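If you want the building blocks of each chain, they are given just below.
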Amino acid sequence: MTRATSSAPSQRMLRVGEQVRAAITQVLQRGEVRDDVIEATVISISEVRMSPDLKIATAYVTPLGVSDHSVVIEALNRHARFIRGRLGQQLRQMKYMPEVRFRDDTSFDNYKKIDELLRSPEVSRDLDGDNDEQ
(Lines give C-alpha, C1' and ligand atoms only; values in the text may rest on other atoms or scores of the structure.)
Protein backbone atom coordinates (compact mmCIF):
# COMPACT_ATOMS: atom_id res chain seq x y z
CA MET A 1 0.00 0.00 0.00
CA THR A 2 1.46 3.35 -0.98
CA ARG A 3 1.36 6.32 1.28
CA ALA A 4 -0.32 9.50 0.07
CA THR A 5 2.13 12.33 -0.34
CA SER A 6 1.22 15.77 0.85
CA SER A 7 3.01 19.07 1.03
CA ALA A 8 1.25 19.92 4.27
CA PRO A 9 3.35 19.58 7.43
CA SER A 10 2.60 16.70 9.77
CA GLN A 11 1.40 17.22 13.32
CA ARG A 12 4.84 16.23 14.56
CA MET A 13 6.54 18.82 12.34
CA LEU A 14 4.16 21.51 13.60
CA ARG A 15 4.64 20.54 17.27
CA VAL A 16 8.44 20.42 17.03
CA GLY A 17 8.46 23.69 15.07
CA GLU A 18 6.54 25.40 17.86
CA GLN A 19 8.94 24.00 20.47
CA VAL A 20 11.94 25.26 18.48
CA ARG A 21 10.28 28.68 18.06
CA ALA A 22 9.77 28.97 21.82
CA ALA A 23 13.36 27.89 22.50
CA ILE A 24 14.84 30.41 20.03
CA THR A 25 12.66 33.13 21.53
CA GLN A 26 14.01 32.36 25.00
CA VAL A 27 17.62 32.45 23.80
CA LEU A 28 17.06 35.86 22.18
CA GLN A 29 15.11 37.26 25.15
CA ARG A 30 17.83 36.30 27.61
CA GLY A 31 20.38 38.19 25.53
CA GLU A 32 22.67 35.20 25.14
CA VAL A 33 23.69 36.23 21.61
CA ARG A 34 26.36 38.92 21.85
CA ASP A 35 25.88 41.01 18.73
CA ASP A 36 25.19 44.74 18.64
CA VAL A 37 22.65 44.41 15.83
CA ILE A 38 20.69 41.63 17.53
CA GLU A 39 20.82 43.20 21.00
CA ALA A 40 19.56 46.56 19.67
CA THR A 41 16.62 45.05 17.77
CA VAL A 42 13.31 43.60 18.92
CA ILE A 43 12.87 40.41 16.91
CA SER A 44 9.54 38.65 16.41
CA ILE A 45 9.65 34.98 15.41
CA SER A 46 6.36 34.28 13.71
CA GLU A 47 6.91 30.68 12.65
CA VAL A 48 9.47 27.88 12.52
CA ARG A 49 9.03 25.33 9.74
CA MET A 50 10.69 21.97 10.18
CA SER A 51 11.95 19.72 7.40
CA PRO A 52 10.25 16.30 7.24
CA ASP A 53 13.27 14.64 8.88
CA LEU A 54 13.31 17.37 11.60
CA LYS A 55 16.97 18.17 10.90
CA ILE A 56 16.46 21.69 9.49
CA ALA A 57 14.49 24.44 11.20
CA THR A 58 13.69 27.53 9.14
CA ALA A 59 12.75 30.42 11.42
CA TYR A 60 10.75 33.27 9.89
CA VAL A 61 11.59 36.46 11.75
CA THR A 62 10.50 40.08 11.62
CA PRO A 63 12.85 42.69 13.08
CA LEU A 64 10.62 45.41 14.52
CA GLY A 65 11.53 49.07 14.07
CA VAL A 66 14.24 48.37 11.49
CA SER A 67 13.91 49.41 7.87
CA ASP A 68 16.62 47.08 6.52
CA HIS A 69 15.76 43.56 7.65
CA SER A 70 18.65 41.96 5.78
CA VAL A 71 21.23 43.25 8.29
CA VAL A 72 19.43 41.55 11.19
CA ILE A 73 18.83 38.34 9.21
CA GLU A 74 22.54 38.17 8.30
CA ALA A 75 23.50 38.68 11.95
CA LEU A 76 21.16 35.90 13.07
CA ASN A 77 22.52 33.53 10.43
CA ARG A 78 26.09 34.34 11.53
CA HIS A 79 25.18 33.22 15.05
CA ALA A 80 23.01 30.26 13.98
CA ARG A 81 25.48 27.64 15.24
CA PHE A 82 25.70 29.34 18.64
CA ILE A 83 21.90 29.54 18.86
CA ARG A 84 21.67 25.86 17.86
CA GLY A 85 23.99 24.98 20.73
CA ARG A 86 21.83 26.91 23.20
CA LEU A 87 18.67 25.14 22.00
CA GLY A 88 19.96 21.83 23.32
CA GLN A 89 19.06 22.75 26.89
CA GLN A 90 15.36 23.17 26.03
CA LEU A 91 15.10 20.46 23.37
CA ARG A 92 16.71 17.52 25.16
CA GLN A 93 14.04 15.12 23.92
CA MET A 94 15.13 15.47 20.29
CA LYS A 95 17.41 12.84 18.78
CA TYR A 96 19.12 15.39 16.49
CA MET A 97 19.45 19.09 17.13
CA PRO A 98 18.12 20.86 14.02
CA GLU A 99 20.24 23.21 11.93
CA VAL A 100 18.68 26.66 12.30
CA ARG A 101 18.22 28.99 9.33
CA PHE A 102 16.74 32.45 9.58
CA ARG A 103 14.58 34.02 6.85
CA ASP A 104 12.75 37.32 6.59
CA ASP A 105 9.02 36.93 7.20
CA THR A 106 7.22 38.68 4.35
CA SER A 107 3.73 37.55 5.34
CA PHE A 108 2.98 40.89 7.02
CA ASP A 109 3.80 42.69 3.76
CA ASN A 110 1.41 40.34 1.94
CA TYR A 111 -1.34 41.04 4.48
CA LYS A 112 -0.79 44.77 4.03
CA LYS A 113 -1.12 44.48 0.24
CA ILE A 114 -4.32 42.48 0.57
CA ASP A 115 -5.73 45.02 3.04
CA GLU A 116 -4.90 47.88 0.67
CA LEU A 117 -6.58 46.01 -2.17
CA LEU A 118 -9.73 45.44 -0.15
CA ARG A 119 -9.87 49.13 0.78
CA SER A 120 -9.33 50.34 -2.80
CA PRO A 121 -12.11 52.37 -4.46
CA GLU A 122 -12.69 49.70 -7.14
CA VAL A 123 -13.43 47.00 -4.57
CA SER A 124 -15.55 49.37 -2.48
CA ARG A 125 -17.58 50.26 -5.59
CA ASP A 126 -18.14 46.58 -6.39
CA LEU A 127 -19.17 45.84 -2.80
CA ASP A 128 -21.59 48.78 -2.76
CA GLY A 129 -23.15 47.46 -5.98
CA ASP A 130 -23.81 44.09 -4.36
CA ASN A 131 -25.71 45.73 -1.48
CA ASP A 132 -27.99 47.65 -3.89
CA GLU A 133 -29.16 44.46 -5.60
CA GLN A 134 -30.38 42.79 -2.38
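See the structure printed just above.
Residues numbered from 1 in each chain as written. Predicted model: local features only at pLDDT ≥ 70, side-chain atom pairs only at ≥ 80, totals over all residues. Heavy atoms only, no water.

Peer 1: It is not clear to me how a nonpolar patch on the surface should be interpreted in this structure. Could you clarify?
Peer 2: Among the surface-exposed residues, F108, Y111, I114 and L118 lie close enough to one another that they form a single nonpolar patch of about 450 Å² accessible area. Tracing the backbone shows I114 in helix α5 (residues 107-118). (Patch = residues over 30% accessible without salt bridge, like charges linked within 9 Å, V, L, I, M, F, W, Y side chains within 5 Å. Areas by Shrake-Rupley, 256 points an atom, 1.4 Å probe, with all protein chains shown as cover. Salt bridge = Lys/Arg side-chain N within 4 Å of Asp/Glu carboxyl O. Helix = DSSP H or I, 4+ residues; strand = E, 2+ residues; numbered from the N terminus.)

Peer 1: Where do I start with the pattern of salt bridges in this structure?
Peer 2: It is possible for side chains bearing opposite charge to pair when their charged atoms get close. One pass over the full model with this rule turns up eight salt bridges. For E32, the salt bridge identified is with R86, shortest N-O distance 3.3 Å. One end of the pair, E32, is in the loop between α1 (11-29) and α2 (36-39); the other, R86, is in helix α4 (residues 80-87), and 54 residues separate them in sequence. Judged by its relative accessible area of 31%, R86 falls in the partly exposed class. One network of salt bridges, with partners in common, ties together R30, E32 and R86. (Buried < 20%, exposed > 50% of the residue type's maximum accessible area, 1.4 Å probe, protein only.)

Peer 1: What is the right way to read the layout of surface pockets from this model?
Peer 2: In this approach the atoms are scanned with a rolling probe the size of a water molecule, which exposes any empty space left behind. Of the pockets and cavities examined, the largest pocket occupies roughly 260 Å³. Along the walls of the largest pocket sit 16 residues, with P9, M13, L14, R49 and M50 positioned nearest its centre. Put simply, the parts of the chain that give the lining of the largest pocket at least two residues each are α1 and β1 (42-50). Split into classes, the residues belonging to the lining of the largest pocket amount to seven nonpolar, five polar and four charged. (1 Å grid on protein atoms, 1.4 Å probe; cavity = no way out; pocket = protein on both sides within 12 Å on 5 of 7 lines; lining within 4 Å. Points joined across faces, edges and corners; volume = space filled by probe spheres on them. Nonpolar A, V, L, I, M, F, W, Y, C, P; charged D, E, K, R; others polar.)

Peer 1: Even after reading the chapter, I still don't get the sheet that holds strand β2 (residues 56-64), so can you show me in this structure?
Peer 2: Overall, mixed pairing links the three strands, which are arranged β1-β2-β3 in an open sheet. The open sheet has two edge strands with one neighbour each: β1 and β3 (99-104). In this sheet, adjacent strand axes meet at a mean angle of 30° when their direction is disregarded. As defined by bridge partners, β1 adjoins β2 across eight bridges and the pair is classed as antiparallel. By the bridge assignment, M50 is partnered in β2 with A57. (Pairing = 2+ DSSP bridges. Axes fitted to C-alpha atoms, helices over the stretch in contact; angles between N-to-C directions.)

Peer 1: Sorry, what's going on with the nonpolar core here?
Peer 2: Soluble globular proteins: nonpolar side chains tend toward being buried together. Of all hydrophobic cores here, the largest spans 29 residues; its most connected members are V20, I24, L76, L87 and F102. Elements with a contribution of two residues or more to this core: α1, β1, β2, α3 (69-78), α4 and β3. Broken down by element, the residue count for this core peaks at seven residues, all from α1. Those residues in contact with L87, other than ones at most four positions away along the chain, are V20, A23, I24, V27, M97 and V100. (Core = buried A, V, L, I, M, F, W, Y, C linked by side-chain atoms within 4.5 Å. Contact = heavy atoms within 4.5 Å.)

Peer 1: Could you clarify how one ought to interpret the packing of aromatic side chains in this entry?
Peer 2: Each aromatic ring pair is described using two quantities: the centre-to-centre distance and the angle formed by the ring planes. For the structure on display, the rule yields zero aromatic pairs. A cation sits over an aromatic face here: K55 above Y96, 4.3 Å from the ring centre. (Phe/Tyr/Trp six-rings, centres within 6.5 Å; stacked < 30°, edge-to-face > 60°. Lys NZ or Arg CZ within 6 Å of the ring centre and 35° of its normal.)

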